[in-house]
Amino acid sequence: MNQLQQYFDKKLQTHLQFANSELNLQEPLIMGILNVTPDSFSDGGQFIDFDSAIKQAKQMLVDGADIIDIGGESTRPGAADVSEDEELHRVVPLIEALSKELDVPISIDTSKAVVMYEAVHAGASMINDVYALQKENALQIAAQLNVPVCLMHMQGKPETMQKKIEYKNVIQEVVDFFQQRINSCIESGINKENIIIDPGFGFGKNLQHNIDLLNNLQVFVESGFPVLAGLSRKSMLGQITGKDVSQRLAASLAVAQLAVNKGTQILRVHDVAETKDILRVLQAVKAAEMNLNSV
Ligand code: YH5
């Protein structure tokens, strides 16, 4: 089943290397979401303003974020495309300011090669691409930039992805997708140590597909590539609880814990402080269990 393992001889990668730092993948990491889209679904456009974006990023650091993910292009279901100029205008000045002020890896959430290039030159040190480097020039630019890159699986495009959803076997199809994308990445000169994979919860998936993926996250973890999961406040949690997006914290924490127990290394979340608390609790219990085993 797990063709992805060929690249790593079943060894998990232990570190993510950034330009000026590294992160240990043996403890779960938190990627805090900083949206700079005025139509952002989860934040209601709250953080489009420059000063409040900086404040929000600082708070996420205090709360325990290991990476800050900055996105200027809305990828929620049904969202409209953002022009290259608009996206650059939203994210580049913010990345410049944040990378000067804060000592934390900044990830750029974009699919556009030009935005990847400008963002990394402005101080970002990771690429998060929901199109998994399938857009024009993205593979070549990512190879040239030589930074960690998250390849996310999506069926369809954000505009229409929830309209026609079809899988014979969602796990197998997502594994096959990563196999193809990883091959293309390696052919283009991307270092395999820079590749992170993400099954893309809610991106062309119905509730059952999302739950199947959650239950099978270990399949991706066992590949040896670090796994990132974005579950925070997503519609699947609304479908299960009947709650509006602003009332999905408890549900988000429940799935974060499930994902970590399956070995997921990076959680992409809105609620950093609360997520950090559950990681502290899981860590404390795991440490006690290991002590017990060694007596
Ligand atoms: C992801 O999973 N998701 S943007 C709708 C919501 C709440 C949240 C209806 N970028 C991912 O966060 N990048 C996004 O409530 C992502 N993985 C990676 N790597 C969508 C989002 C959201 C959408």
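Details of the structure are given in the entry above.
Description of the structure in this document. Treat the numbers as computed from the prediction; the structure is a model and nothing was measured. (Residues numbered from 1 in each chain as written. Predicted model: local features only at pLDDT ≥ 70, side-chain atom pairs only at ≥ 80, totals over all residues. Heavy atoms only, no water.)

## Some points on the site of the ligand
Next, step 1: The immediate surroundings of the ligand are formed by 20 residues, with N128, D198, R233, K234 and R268 found nearest.
Next, step 2: R268 is positioned such that a nitrogen or oxygen atom in its side chain is 3.0 Å from an oxygen atom of the ligand.
Next, step 3: A total of 520 Å² of accessible area belongs to the ligand in isolation, and the protein chains cover 92% of it.
Next, step 4: Residue assignment for the shell around the ligand shows that the elements contributing at least two residues are β7 (149–152) and β9 (228–230).
Next, step 5: Looking at the shell around the ligand residue by residue, the classes come out as seven nonpolar, seven polar and six charged. (Near = heavy atom within 4 Å. Polar contact = N/O pair within 3.5 Å; in protein donor to acceptor, adjacent residues only side chain to side chain. Areas by Shrake-Rupley, 256 points an atom, 1.4 Å probe, with all protein chains shown as cover. Helix = DSSP H or I, 4+ residues; strand = E, 2+ residues; numbered from the N terminus. Nonpolar A, V, L, I, M, F, W, Y, C, P; charged D, E, K, R; others polar.)

## Remarks on the packing of aromatic side chains
Within a pair of aromatic rings, the relevant descriptors are the distance that separates the centres and the angle that separates the planes.
Next, step 1: Counting across every chain of the model gives two aromatic pairs.
Next, step 2: Ring geometry for F177 against F178: centres 5.7 Å apart, planes inclined by 65°, an arrangement best described as edge-to-face. Each of the two residues, F177 as well as F178, counts as buried.
Next, step 3: Ring plane angle 85° and centroid distance 5.9 Å describe the contact between F178 and F220, whose orientation is recorded as edge-to-face. (Phe/Tyr/Trp six-rings, centres within 6.5 Å; stacked < 30°, edge-to-face > 60°. Buried < 20%, exposed > 50% of the residue type's maximum accessible area, 1.4 Å probe, protein only.)

## Focus on the sheet that holds strand β6 (residues 126–129)
Across a sheet, paired strands are connected by hydrogen bonds in the backbone, their directions being either parallel or antiparallel.
Next, step 1: Reading across the sheet, the eight strands line up as β8-β7-β6-β5-β4-β3-β10-β9 and stay open at both edges, with parallel pairing between neighbours. The outermost strands of the open sheet, each flanked by one partner alone, are β8 (195–198) and β9. Put simply, the sheet's adjacent strands are angled 25° from each other on average, direction ignored.
Next, step 2: This element, helix α5 (residues 170–187), spans β7 and β8 of the sheet and lies at about 145° to β7. (Pairing = 2+ DSSP bridges. Axes fitted to C-alpha atoms, helices over the stretch in contact; angles between N-to-C directions. Contact = heavy atoms within 4.5 Å.)

## Examining the environment of Y7
Next, step 1: Locating Y7 in the fold gives a position in the segment before β1 (15–17).
Next, step 2: Taking the C-alpha atoms as reference points, Y7 and I33, 26 residues apart in sequence, are found 30 Å from one another.
Next, step 3: What Y7 contacts, discounting residues up to four positions off in sequence, is Q179, I182, N183, I186, K192 and F225.

## A few points about the pattern of salt bridges
Next, step 1: One pass over the structure, following the stated rule, counts 10 salt bridges.
Next, step 2: Ionic pairing is found between D69 and R268, a salt bridge with its closest N-O pair at 3.0 Å. Residue D69 is found in strand β4 (residues 67–71), and its partner R268 is found in strand β10 (residues 266–269); the two are separated by 199 residues along the sequence. Judged on exposure class, the residue D69 and its partner R268 are both buried.
Next, step 3: Notably, a salt bridge pairs E193 with K192, separated by 3.3 Å at the nearest N-O pair.
Next, step 4: Given the relative accessible area of 35%, E193 is considered partly exposed.
Next, step 5: Note on K192: relative accessible area 25%, which makes it partly exposed. (Salt bridge = Lys/Arg side-chain N within 4 Å of Asp/Glu carboxyl O.)

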